[in-house]
Amino acid sequence: METDRTDLLPLERRHKLHRAYLFRLATVSALFGAALFFIATGLLLPTRLLLGREVKARQTQLMTVGATLSSTADAALSQQLASFKSDVATLATLQDTPMATTVMTEVLAVARPGVVLTGFMYTPAQSKRAGSLSITGIASNRAALQAYQAALQAAPFATSADLPVSAYARAANIAFTITVILAS
């Protein structure tokens, strides 16, 4: 069964019907969009009211905290000032302390034939205690180790270079740790 329709309306009448259809479609779409807008606005209204109340509550809380802080601000300010003074004193002592890179550069500049350095441990000067540097390494023989210790002792950055006597127990490939007390 074939459905073959023949449109017998004149062309002008067909255009009017088409325009009327498009007008009805645009009207329904506009009404649907407006309805959707009003529904969405209605659903967002409680959230807006809740947020407005929350903002007012936070502003009240902020004013209360501000009033509390202004009454305790003097005590807190003096405590902070004391803390800053302590920090400044610490920084002033650090200014006079030699940097680790400077100390390491000076140590590495000391001649060390027959000695291989394997590790360093730097302790900066603190209050009345002088800074120190522990140097670990391996010496090829006792003479090389003794010469390196003497060179460190004579260096301008060191006040003493202590090497335990037990380091001289072996004759060759001597593992050692020299503690250098740094000049301030």
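Below is a short write-up of the structure. (Residues numbered from 1 in each chain as written. Predicted model: local features only at pLDDT ≥ 70, side-chain atom pairs only at ≥ 80, totals over all residues. Heavy atoms only, no water.)

**Here we look at the sheet that holds strand S3 (residues 158–162)**
Which entries qualify depends on this criterion: Here, any two strands with at least 2 DSSP bridges between them count as paired. Secondary structure follows DSSP: runs of H or I at least 4 residues long count as helices, runs of E at least 2 residues long count as strands, and numbering of each begins at the N terminus. Fitted lines through C-alpha atoms serve as axes, helices being fitted only where they are in contact, and the angles separating the N-to-C directions of these axes extend from 0 to 180 degrees. In this description, contact between two residues means that some pair of their heavy atoms is separated by no more than 4.5 Å.
The four strands lie next to each other as S1-S2-S4-S3, forming an open sheet whose pairing is antiparallel. Edge positions in the sheet fall to strand S1 (115–123) and S3, since each of these pairs with one other strand and no more. Recorded for the sheet is a direction-independent mean angle of 20 degrees between the axes of neighbouring strands. The strands touched by helix H2 (residues 100–109) within the sheet are S1, strand S2 (132–141) and strand S4 (172–182), with S1 carrying the most contacts at an inclination of about 155 degrees.

**Concerning the packing of aromatic side chains**
Note the threshold: Two aromatic rings, drawn from Phe, Tyr or Trp (for Trp, its six-membered ring), form a pair once their centres lie within 6.5 Å of each other, and the interplanar angle then sorts them: stacked below 30 degrees, edge-to-face above 60, tilted otherwise. Remark: exposure states derive from per-residue accessible area (1.4 Å probe, protein chains only) relative to the maximum for the residue type, with buried under 20%, exposed over 50%, and partly exposed in between.
Using the criterion set out here, one finds two aromatic pairs in the structure. Pairing Phe37 with Phe38 gives two aromatic rings, centres 5.5 Å apart and planes at 70 degrees, and the pair type is edge-to-face. Phe38 carries the same exposure label as Phe37, and that label is exposed.

**What about the pairing of S4?**
By the bridge criterion, nine bridges tie S2 to S4 in an arrangement that is antiparallel. In the strand pairing of S4, Ser132 is matched with Ile181. Pairing between S3 and S4: four bridges, direction antiparallel. Along S4, the bridge assignment pairs Ser160 with Ile181.

**Here's the deal with the pattern of salt bridges**
Under the convention used in this document: One speaks of a salt bridge when a side-chain nitrogen belonging to Lys or Arg is within 4 Å of a carboxyl oxygen belonging to Asp or Glu.
This model, assessed by the stated rule, comprises one salt bridge. Between Glu54 and Arg58 there is a salt bridge, and its shortest N-O distance comes to 3.0 Å. Of this pair, Glu54 and Arg58 are both found in helix H1 (residues 11–96), four residues apart, which corresponds to roughly one turn of the helix. A residue is classified by how much of its surface remains accessible, and Glu54, at 36% relative accessible area, is partly exposed.

**Description of unusual backbone geometry**
Backbone geometry places Asn173, a non-glycine residue, at a positive phi of 50 degrees. Structurally, Asn173 can be placed in strand S4.

**A word on the nonpolar core**
Threshold: We call a set of buried Ala, Val, Leu, Ile, Met, Phe, Trp, Tyr and Cys residues a nonpolar core when their side-chain atoms join them within 4.5 Å.
Among the nonpolar cores identified, the biggest contains 24 residues, and Tyr148, Leu152, Phe157, Phe176, Ile178 and Val180 are the most heavily contacted of them. Only H2, S1, S2, helix H3 (142–154), S3 and S4 provide two or more residues apiece to this core. In terms of residue count, the dominant contributor to this core is S4 (five residues). In this structure Phe176 touches Val115, Leu117, Ile135, Thr136, Gly137, Ile138, Ala139, Leu145, Leu163 and Ala167, once residues within four positions along its chain are discounted.

No statement about biological role is implied by the geometric values presented.
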